[in-house]
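The residues making up each chain are set out below.
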Amino acid sequence: MKSIQEIKEELKRAPEEEFPAFCALYQEDGRKGVQSLLQQAKKHLERLEQEKQRIEVMREYEEQYGRLGYVCGIDEVGRGPFAGPVVAGAVILPRDCRILYINDSKQLSEKKREELYEEILEKAVAAEVGYASPARIDEINILQATYEAMREAVSKLPVEPQILLNDAVTIPGIDIPQVPIIKGDAKSISIAAASIVAKVTRDRLMREYDKIMPQYGFASNKGYGSQAHIQAIQKYGPTPIHRRSFIHNVLGEEK
């Protein structure tokens with residue numbers, strides 16, 4: 001008879017699809033420790049089933065518009081920071097794609113975003129990003145710069161989508177039909193994927209900036225206006241990646 005520790009290790013190594021067989025194998029084992037492990041496995045399966053159902057709900061827009069052809073999700077990150085670009089993601093997933101735990105990037109840990117980013121790039125038909133620099137944001141304003149980044153992301157796709165699912169906005173200057181969805185990054189698997197691709201791309205870029213200008217804390221604040229970041233701007237002055245139109249108050253300048 002296997003020890004409880006051996007059974008625990010067996011459960012730890014078992015892929016999720018083998019959990020039902022694991023439970024069936026040990027259901028007659030009356031030891032408390034084994035029954036506790038079975039309860040853990042069953043709860044995990046329940047959570048997994050709930051997650052699968054959640055993903056099916058997130059695929060409703062893709063199912064609805066998939067008959068038209070390629071469906072592309074669009075989202076951006078970085079509208080609010082004092083520094084760094086705004087980055088837009090454009091992702092086309094296969095029609096039958098189901099990536100568990102995908103969600104609005106803001107709802108995920110950094111570790112989970114990184115894991116999902118790799119899975120998205122591996123499974124996507126196409127995934128691209130577009131950028132608008134701090135200087136461009138200052139020149140044309142953040143909304144127009146965001147649209148510009150979105151147009152760039154779409155233009156770089158190696159295949160042309162037939163429909164765009166956007167997080168809340170309608171992008172001017174694009175002929176492809178668009179569907180703006182309020183809180184779309186939590187309702188559409190394609191928009192959520194675009195959100196993650198944009199977020200991971202921008203966060204990695206801000207960590208690189210941090211290596212060059214460590215005094216501003218870009219690796220941790222990602223360019224947002226934390227108290228420490230504001231104090232650093234006041235002490236060291238703005239950098240080339242700061243948005244002057246966003247920090248005029250910090251610098252005591254007129255808008």
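Residues numbered from 1 in each chain as written. Predicted model: local features only at pLDDT ≥ 70, side-chain atom pairs only at ≥ 80, totals over all residues. Heavy atoms only, no water.

A. Region of the structure containing the nonpolar core. The biggest cluster of nonpolar side chains holds 23 residues, and the ones touching the most others in it are Val91, Leu93, Ile99, Ile102, Ile120 and Ile196. Among the elements of the structure, helix H3 (32-58), strand E2 (86-92), helix H5 (110-123) and helix H8 (189-212) are those that each provide at least two residues to this core. Looking at this core, the element that brings in the most residues is H8, giving 8 residues. If sequence neighbours within four positions are ignored, Val91 has contacts with Val71, Cys72, Gly73, Ile120, Ala124, Ala126, Ala127, Ser190, Ala193, Ala194 and Val197. (Core = buried A, V, L, I, M, F, W, Y, C linked by side-chain atoms within 4.5 Å. Buried < 20%, exposed > 50% of the residue type's maximum accessible area, 1.4 Å probe, protein only. Helix = DSSP H or I, 4+ residues; strand = E, 2+ residues; numbered from the N terminus. Contact = heavy atoms within 4.5 Å.)

B. A look at the pattern of salt bridges. Taken as a whole and assessed by the stated rule, the structure comprises 23 salt bridges. Here Arg113 ties to Asp203 by a salt bridge, and the two come within 3.6 Å at their closest N and O atoms. Here the residue Arg113 occupies a position in helix H5, and Asp203 occupies one in helix H8, the gap between them amounting to 90 residues. Assigned by exposure class, Arg113 and Asp203 land together as buried. In this structure, the salt-bridge partner of Arg207 is Glu114, at a minimum N-O distance of 3.3 Å. You can see Arg207 sitting in helix H8 and its partner Glu114 sitting in helix H5, a full 93 residues away along the chain. (Salt bridge = Lys/Arg side-chain N within 4 Å of Asp/Glu carboxyl O.)

C. Structural context of unusual backbone geometry. For Asn141, which is not a glycine, the phi torsion comes out positive at approximately 85 degrees. Tracing the sequence through the fold places Asn141 in the loop between helix H6 (134-140) and helix H7 (142-155). The class for Asn141 is partly exposed, based on a relative accessible area of 41%. One non-glycine residue, Ala168, lies in positive phi territory at about 80 degrees.

D. Here's a closer look at the packing of aromatic side chains. Scanning all chains against the criterion turns up 3 aromatic pairs. Plain terms: the ring middles of Tyr216 and Phe218 are 5.5 Å apart, the flat faces sit at 10 degrees to each other, and that makes the pair stacked. On the basis of relative accessible area, Tyr216 is assigned to the buried category, the value being 5%. Geometrically, the ring pair formed by Tyr216 and Tyr236 is edge-to-face, given 6.1 Å between the ring centres and 65 degrees between the ring planes. Here Tyr216, found in the loop between H8 and helix H9 (218-221), pairs with Tyr236, found in helix H10 (residues 227-236); they are 20 residues apart in sequence, far enough to count as distant. Taken together, Tyr216, Phe218 and Tyr236 form an aromatic cluster joined through their ring pairs. (Phe/Tyr/Trp six-rings, centres within 6.5 Å; stacked < 30°, edge-to-face > 60°.)

E. Local environment of the sheet that holds strand E3 (residues 126-132). Taken in spatial order, the 5 strands of this open sheet run E3-E2-E1-E4-E5, and their pairing is mixed. Of all strands in the sheet, those bounded by a partner on one side alone are E3 and strand E5 (178-181). Taken over all neighbouring pairs, the strand axes of this sheet differ in orientation by 20 degrees on average, direction set aside. Pairing of E2 with E3, which is carried by 7 bridges, proceeds in the antiparallel orientation. The residue of E3 that forms the bridge with Gly89 is Val129. (Pairing = 2+ DSSP bridges. Axes fitted to C-alpha atoms, helices over the stretch in contact; angles between N-to-C directions.)

F. How the structure looks around the environment of Leu37. As for its placement among the helices and strands, Leu37 is situated in helix H3. For the pair Leu37 and Pro81, spaced 44 residues apart in sequence, the C-alpha to C-alpha distance is 46 Å. Other than its neighbours up to four places away in sequence, Leu37 contacts Ile4, Ile7, Lys8 and Leu11.

G. Main features of the packing of helix H1 (residues 4-13) against H3. Put simply, H1 and H3 touch, their axes get as near as 9 Å, and they point 10 degrees apart. As the angle between them shows, H1 and H3 are arranged roughly parallel. Our pair here, H1 against H3, has a crossing hand that is right-handed. Contacts between H1 and H3 involve Ile4, Ile7, Lys8 and Leu11 from the first element and Gly33, Val34, Leu37 and Ala41 from the second. Here the contact of H1 with H3 is composed, by residue class, of 6 nonpolar, 1 polar and 1 charged. (Parallel < 35°, antiparallel > 145°, perpendicular 65-115°, else oblique. Left-handed = near helix turned anticlockwise from the far one by under 90°. Nonpolar A, V, L, I, M, F, W, Y, C, P; charged D, E, K, R; others polar.)

H. Inspection of the packing of H5 against H8 at higher detail. In contact at an axis separation of 9 Å, H5 and H8 are set at 115 degrees when each is read in the N-to-C sense. In the packing of H5 onto H8, the handedness of the crossing is left-handed. Contacts between H5 and H8 involve Glu110, Arg113, Glu114, Leu116, Tyr117, Glu118, Ile120 and Leu121 on the former and, on the latter, Ala193, Ile196, Val197, Lys199, Val200, Thr201, Asp203, Arg204 and Arg207. Considering only residue class, the contact of H5 with H8 consists of 8 nonpolar, 1 polar and 8 charged.

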